[in-house]
Protein chains: 2
Amino acid sequence: MTNTPTLEDVAARAGVSTATVSRCLNAPEKVIEPTRARVMAAVEALGYAPNFSARALAAKRTQTIGAVIPTMENAIFAEGLQAFQERLGEAGYMLLVASSSYDPAREAEAIRALVARGAEGLLLIGHDRDPAVIEFLATQSVPALVAWAHDAARPSIGFDNRAAMAALAARALDLGHRRIGVISAPRAGNDRARARVEGVRAAAGAAGLNPDDIPVIEAPYGIEAGGEAFDRLMETAAPSLVICGNDVLAAGALKRARDWRLSVPRDVSITGFDGIELSRLVTPALTTVHVPHRAMGVAAAEALMAACAGEGELASLCLKTEISDGETLAPPR
Amino acid sequence: MTNTPTLEDVAARAGVSTATVSRCLNAPEKVIEPTRARVMAAVEALGYAPNFSARALAAKRTQTIGAVIPTMENAIFAEGLQAFQERLGEAGYMLLVASSSYDPAREAEAIRALVARGAEGLLLIGHDRDPAVIEFLATQSVPALVAWAHDAARPSIGFDNRAAMAALAARALDLGHRRIGVISAPRAGNDRARARVEGVRAAAGAAGLNPDDIPVIEAPYGIEAGGEAFDRLMETAAPSLVICGNDVLAAGALKRARDWRLSVPRDVSITGFDGIELSRLVTPALTTVHVPHRAMGVAAAEALMAACAGEGELASLCLKTEISDGETLAPPR
DNA sequence: AATAGCAATGTAAGCGCTTACACAGCATCA
DNA sequence: TGATGCTGTGTAAGCGCTTACATTGCTATT
C-alpha cells in the first residue's frame, strides 16, 4: 500500500513550494509557464489527486450540493434529478444524493450527513418536515430548496399539486363521471399527496358532489400496491373513474383492471400524475398530468448555485403543468 | 450568518477539552456519565454538527463508498443501487453516487472526484474502462468492484450476460424462429451489451444458423430509440423474433409493433433483458431475463465494506439469472 | 541612477478534527 | 503505607490543503 502522494510530494519533486503547486491547480494563470510545466509533470508522474477533505477544510468551499429524495427506485424523481445533476456538473458542482425511503427520521439523518459532508446547499422534496431540521439548516446557514412542490412562502421550485390535480379531476367530471375513487400515496408526511387529494375534492365540490363521499385508498409506492388498492376500491365503491396520485399507482391499477376483465376506459377510467415515461408505455397510455421534470431540475440547480454563491436569496417558482392526453379517460358508460 | 459551531465551542461551553468532546461523539463509553451529559447538552444547545472534512482529514476514514452508474434516469440500475445503498446505510456507511451518461471520460472524472472526496471503495458498472483509470485506483489503493457483469479474473459481482442471453435465445430458437433480429444498446465501451449480442450469436450458431446473418441494430437507451430501431429492423429484415438488449428497448419495440399493427407474439416475438418492473407492466408482459438486482446490490455492498475494512481481497461472484416468462415469445407463424 | 511597481514565488498560519501520550486522582494490594 | 494499576481528562501534534503576507528580482519611470 503506497502512500497517496500529497501536495508536498509534488512540490518536492518539482522543486517548488507547496503554494506554487496549489496555485498551479487552482489558478494556473498565476504561475509562469516553465514552472507550471514542471509541476504538472510531477503531478502526472506521481498520480497525484488532491485530497478533497483537506481542500474543503482549508478553503471552506466544497462545490457540492446535496439532494435527499424519497427513493431512487422510483422513476418519479429520476428524470428531474438527472437534469439537476447535469446542470450542476456543467458548472463544476458535484451532487451528493441520499434517499430517505419516505421516512422523516432517515431524511433528517441524511440531511445532517450531507451538511456535515460539506454540502453548501440542499435540494429537498416536499415541505413536510420537522421544524428542528429547518432550524438546523438555518443555524448552519445552508440554503435549502424544496422541489416537486410549490409554496410562495417557502423557497420551492415546483408546481401547484392541488391545482394540477383539480384541473384533471375537473376534466373528468366534465365528461360526466359521478362515482369517483382515489388511490393516493400515503398522505402522512407527504404534502404533495395531500394536495393532490385536496385537488380532487375541490373539483368534486365545484361540480356539486360531496367531497366527503369520495373514497380515498392509500397505497405505498409500487405497482403491486396500486393493484391492491384498485381491488379494494372496486369491491367497495365500484367507481367509474379511478384517480391515482401518481403514474406508478395508476399503472398498477390499470394492470389490475385487466385482471378484473374491465376494459379501460370503457368500463372504468383511470388517471395518473407525473407524466413519467411509464405513462406512455402502458396500454392504453395513461391520461395523466405532465410535470416539467427537466425544467424543474435545471431551475433548481441554478437557484441553488446562485444562493451558494451568495447571489441573493432563494425564491419560489411555480412551473406550469398540463394534462397529458392518453387513452384511459372517457365518459362513463 | 452565524458561524457554525466547532468542537472547541462545544468544549468551552461544557467546560471540558476538545478531546473529551470528540470522545463523547466517537467513543461515549470512554467518558463518564455526568461529563457526557454536560457535553451532550452543549452539543444540543449549539446545534453542533461535526465537520466531516476535518474528521476525514484527521482520522483518515470516511465511511463512504462511491458508485458511478451510467445513468440515473433509467430504472435498470435503480433497484440494485437502492439495495446497495440500504445495505451500506445499515452498516453506517454512506453512498456517494455519480453518473457518467455512458461517457468514459465522464466516468473517469467521476471516479477521480469520488476518490478525492474520500470514497474508500468504488462500485463500477461493467469492465470496459481505460487502463489509466484502473491504475489510478491501484496507486490510490481504492478497492473497486464491478457489478452487472461477471469476470472471474477481475473483482465483479454480477451475472454471465453472454450465457443468460444465449439461454433466452436458445429457448426462442427451440420454438422454431429462424429470422432473428437484435436491437442492442451501443456496444462501444459496453461489455455487457457486447456479451449479450454474443450470446445471441452463440445460440444461433449452435442451432445451425449463421451468426453473421443476424442483423444487429444499435439504439441508445430510451423507449423512443427502441421504437426507431424496431422500424429499421422491420423495414429491412422483417424478423419473426426481435431480441432486445434490455427491457427499455424491448418496451419501445413493443410499443412500435402496435403502431405497425403487428400482434405480439402472434406476428412477431419480442424479448427483453433485465427483468425490471417495466417488463411486467407493458402489455403483453415481456418475456425477459430476470436479474437478481437486490441480491447483487447487497452482495456488492458487503464485499466492498469487507475490502475497505481490510478483511481480505475483493472476489468475484456470479449470480444466477433466469428466464422470466411473459407473453411476448411464441412460435413463429 | 534611483525609485516605484509589478510579477513570480516562498513562508507559515491556520481550517476543525482525532489520538498518542501525559497526567492526576483514586482504589487495590502487599 | 507505599507501590501499582486503573480510569477519566487534558495537551498538543499533526492530517493535507489554501492563502495572506513577505520576499525577491525584474522592468518602467523620472
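Residues numbered from 1 in each chain as written. Chains lettered and ligands numbered in written order. Predicted model: local features only at pLDDT ≥ 70, side-chain atom pairs only at ≥ 80, totals over all residues. Heavy atoms only, no water.

Caption draft 1: View of the nonpolar core. Counting 149 residues, the largest nonpolar core has A:Phe84, A:Ile183, A:Ile270, B:Phe84, B:Ile183 and B:Ile270 as the members making the most contacts within it. With near-sequence residues (within four places) excluded, B:Phe84 lies in contact with B:Ile65, B:Ala67, B:Leu95, B:Leu123, B:Gly297, B:Ala300, B:Ala301 and B:Leu304. Core analysis: the next-biggest nonpolar cluster, separate from the first, contains 36 residues, A:Ala110, A:Phe136, A:Leu137 and A:Val146 among them. (Core = buried A, V, L, I, M, F, W, Y, C linked by side-chain atoms within 4.5 Å. Buried < 20%, exposed > 50% of the residue type's maximum accessible area, 1.4 Å probe, protein only. Contact = heavy atoms within 4.5 Å.)

Caption draft 2: Examining the protein's contact with DNA strand C more closely. A:Thr20, A:Thr35, B:Leu7, B:Ser22 and B:Tyr48 are the nearest of the 25 residues found near DNA strand C. In this structure, A:Ser17 approaches DNA strand C through a main-chain N or O atom, which is 2.8 Å from a phosphate oxygen. Interatomic distance of 2.4 Å between a side-chain N/O atom of B:Tyr48 and a phosphate oxygen of DNA strand C. Counting residues per element, the ones that place at least two in the surface near DNA strand C are helix H2 (18–26) and helix H4 (52–59) of chain A together with helix H2 (18–26) and helix H4 (52–59) of chain B. (Near = heavy atom within 4 Å. Polar contact = N/O pair within 3.5 Å; in protein donor to acceptor, adjacent residues only side chain to side chain. Helix = DSSP H or I, 4+ residues; strand = E, 2+ residues; numbered from the N terminus.)

Caption draft 3: Up close: the interface of chain A and chain B. Listed per partner, the contact involves 49 residues of chain A and 49 residues of chain B. Together chain A and chain B conceal approximately 4400 Å² of surface at their shared face, both sides included; 55% is due to carbon and sulfur atoms. Here chain A is connected to chain B by 0 salt bridges. On inspection of chain A and its partner chain B, the count reaches 13 residue pairs in polar contact (both at pLDDT 80 or more). Elements with a contribution of two residues or more to the side of chain A that touches chain B: H4, helix H5 (75–90), strand S2 (94–99), helix H6 (104–116), helix H7 (131–139), helix H11 (247–259) and helix H12 (277–281) of chain A. When the residues that make up the side of chain A that touches chain B are grouped by side-chain class, the tally is 24 nonpolar, 17 polar and 8 charged. (Buried area = accessible area lost by both parts, 1.4 Å probe. Salt bridge = Lys/Arg side-chain N within 4 Å of Asp/Glu carboxyl O. Nonpolar A, V, L, I, M, F, W, Y, C, P; charged D, E, K, R; others polar.)

Caption draft 4: Representation of helix H7 (residues 131–139) of chain B. Residues and elements named next belong to chain B. When H7 is considered as a whole, its buried residues turn out to be Val133, Phe136 and Leu137. All buried residues of H7 lie within an arc of 95° about the axis, which places them on one face of the element. Residues of H7 that are exposed and angled more than 90 degrees away from the buried face: Pro131, Glu135 and Ala138. The N-cap of H7, judged by a side-chain oxygen 2.8 Å from the amide nitrogen of alanine 132 a few residues on, is aspartate 130. Once H7 finishes, serine 141 follows within two positions and takes phi at roughly 45°, a positive value. (Arc of directions from axis to C-beta.)

Caption draft 5: A look at the protein's contact with DNA strand D. The environment of DNA strand D is formed by 24 residues, the closest being A:Leu7, A:Ser22, A:Tyr48, B:Thr20 and B:Thr35. Counting only the atoms of DNA strand D that lie within 4 Å of the protein, the sugar and phosphate share comes to 67%. A:Leu7 is positioned with one of its backbone polar atoms (N or O) 2.7 Å from a phosphate oxygen of DNA strand D. Here a phosphate oxygen of DNA strand D sits 2.5 Å away from a polar atom, N or O, in the side chain of A:Ser22. Secondary structure elements with two or more residues in the surface near DNA strand D: H2 and H4 of chain A together with H2 and H4 of chain B. Ranked by residues supplied to the surface near DNA strand D, first place goes to H4(A) with 4 residues. Taken together, the residues that form the surface near DNA strand D break down as 13 nonpolar, 7 polar and 4 charged.

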